[in-house]
Amino acid sequence: MPRIVVDVMLKPEILDPQGKAIVGALPRLGFTAFSAVRQGKRFELFVDGEVTEEILAQARNAAETMLSNPVIEDVVNVEVVAD
C-alpha cells in the first residue's frame, strides 16, 4: 500500500524548546557530536491504489492547510514512499 510522507518543521525563527531539551540530553547519553536539534512532525498518509498527481496535490494541500500551522511551521517534504 503506497503512502505519502509529509514532514513539517518549525520555521527557523521560532524557538524550539523540545529541540533544546533534546540537545541538552544527548551528551549525557554519550552522543557528543551534535550541536543543535530541531524537532518536527512526520505524517504518513496511506493510499488505496495508485498515487496520482491529483492525490499528491491533495496531500500537499492538506499539509499546508491542516497538518501544519503556517504561522509557525513549514512543510519541508511531501513524497511518495512505496512499500
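Reading the values: the criteria
- Residues numbered from 1 in each chain as written.
- Predicted model: local features only at pLDDT ≥ 70, side-chain atom pairs only at ≥ 80, totals over all residues.
- Heavy atoms only, no water.
- UniProt positions renumbered as here; feature names shortened; annotations may be inferred.
- Helix = DSSP H or I, 4+ residues; strand = E, 2+ residues; numbered from the N terminus.
- Rg over C-alpha atoms; globule rule 2.2 N^0.38 Å.
- Buried < 20%, exposed > 50% of the residue type's maximum accessible area, 1.4 Å probe, protein only.
- Contact = heavy atoms within 4.5 Å.
- Areas by Shrake-Rupley, 256 points an atom, 1.4 Å probe, with all protein chains shown as cover.
- Lys, Arg positive; Asp, Glu negative; His and termini not counted.
- Charge placed at Lys NZ, Arg CZ, Asp CG, Glu CD.
- Pairing = 2+ DSSP bridges.
- Axes fitted to C-alpha atoms, helices over the stretch in contact; angles between N-to-C directions.
- Polar contact = N/O pair within 3.5 Å; in protein donor to acceptor, adjacent residues only side chain to side chain.

- The name given to the protein in an unreviewed UniProt entry is Phosphoribosylformylglycinamidine synthase subunit PurS, with Arthrobacter glacialis as the source organism.
- Regarding the protein, the UniProt comment filed under Catalytic activity (unreviewed entry) reads as follows: "N(2)-formyl-N(1)-(5-phospho-beta-D-ribosyl)glycinamide + L-glutamine + ATP + H2O = 2-formamido-N(1)-(5-O-phospho-beta-D-ribosyl)acetamidine + L-glutamate + ADP + phosphate + H(+)".
- Under Subunit (unreviewed entry), UniProt gives the following word-for-word description of the protein: "Part of the FGAM synthase complex composed of 1 PurL, 1 PurQ and 2 PurS subunits."

A few points about the overall build of the protein
- Within the protein, the regular secondary structure consists of 2 helices and 3 strands.
- Against the compact-globule benchmark of 12 Å for 83 residues, the protein has a radius of gyration of 16 Å, which places it well outside the compact range.
- The burial tally for the protein puts 23% of its 83 residues in the buried class.
- Excluding contacts between residues fewer than 6 apart, the proportion of contacts in the protein whose partners are at least 24 apart in sequence is 75%.
- Summing over all exposed atoms, the protein offers an accessible surface of approximately 5800 Å²; the carbon and sulfur share of this is 58%.
- Where the 8 positive side-chain charges of the protein centre and where its 13 negative ones centre are 11 Å apart.

A look at the environment of Asp-7
- Turning to its location among the elements, Asp-7 is positioned in strand β1 (residues 3-10).
- For the pair Asp-7 and Asp-74, spaced 67 residues apart in sequence, the C-alpha to C-alpha distance is 8.7 Å.
- When residues no more than four places from it in sequence are discounted, the contact partners of Asp-7 are Lys-41, Arg-42, Asp-74, Val-75, Val-76 and Asn-77.

Considerations on the sheet that holds β1
- Reading across the sheet, the 3 strands line up as β2-β1-β3 and stay open at both edges, with antiparallel pairing between neighbours. In this open sheet, the two strands that pair with only one neighbour each are β2 (40-46) and β3 (73-81). Taken pair by pair, the neighbouring strands of this sheet meet at an average axis angle of 20°, ignoring direction.
- Sheet topology places β1 next to β2; 7 bridges connect them, and they run antiparallel. Paired with Val-8 across the bridge in β2 is Lys-41.
- Across the sheet, helix α2 (residues 53-67) lies against β1, β2 and β3, angled at about 155° from β3, the strand it touches most.

Remarks on the side chain of Arg-3
- When you line up the elements, Arg-3 lands in strand β1.
- Polar side-chain contacts of Arg-3 include one of 2.9 Å to the side chain of Glu-44.
- Those residues in contact with Arg-3 that sit more than four places away from it in its chain are Arg-42, Glu-44, Leu-45, Phe-46, Glu-79, Val-80, Val-81 and Asp-83.

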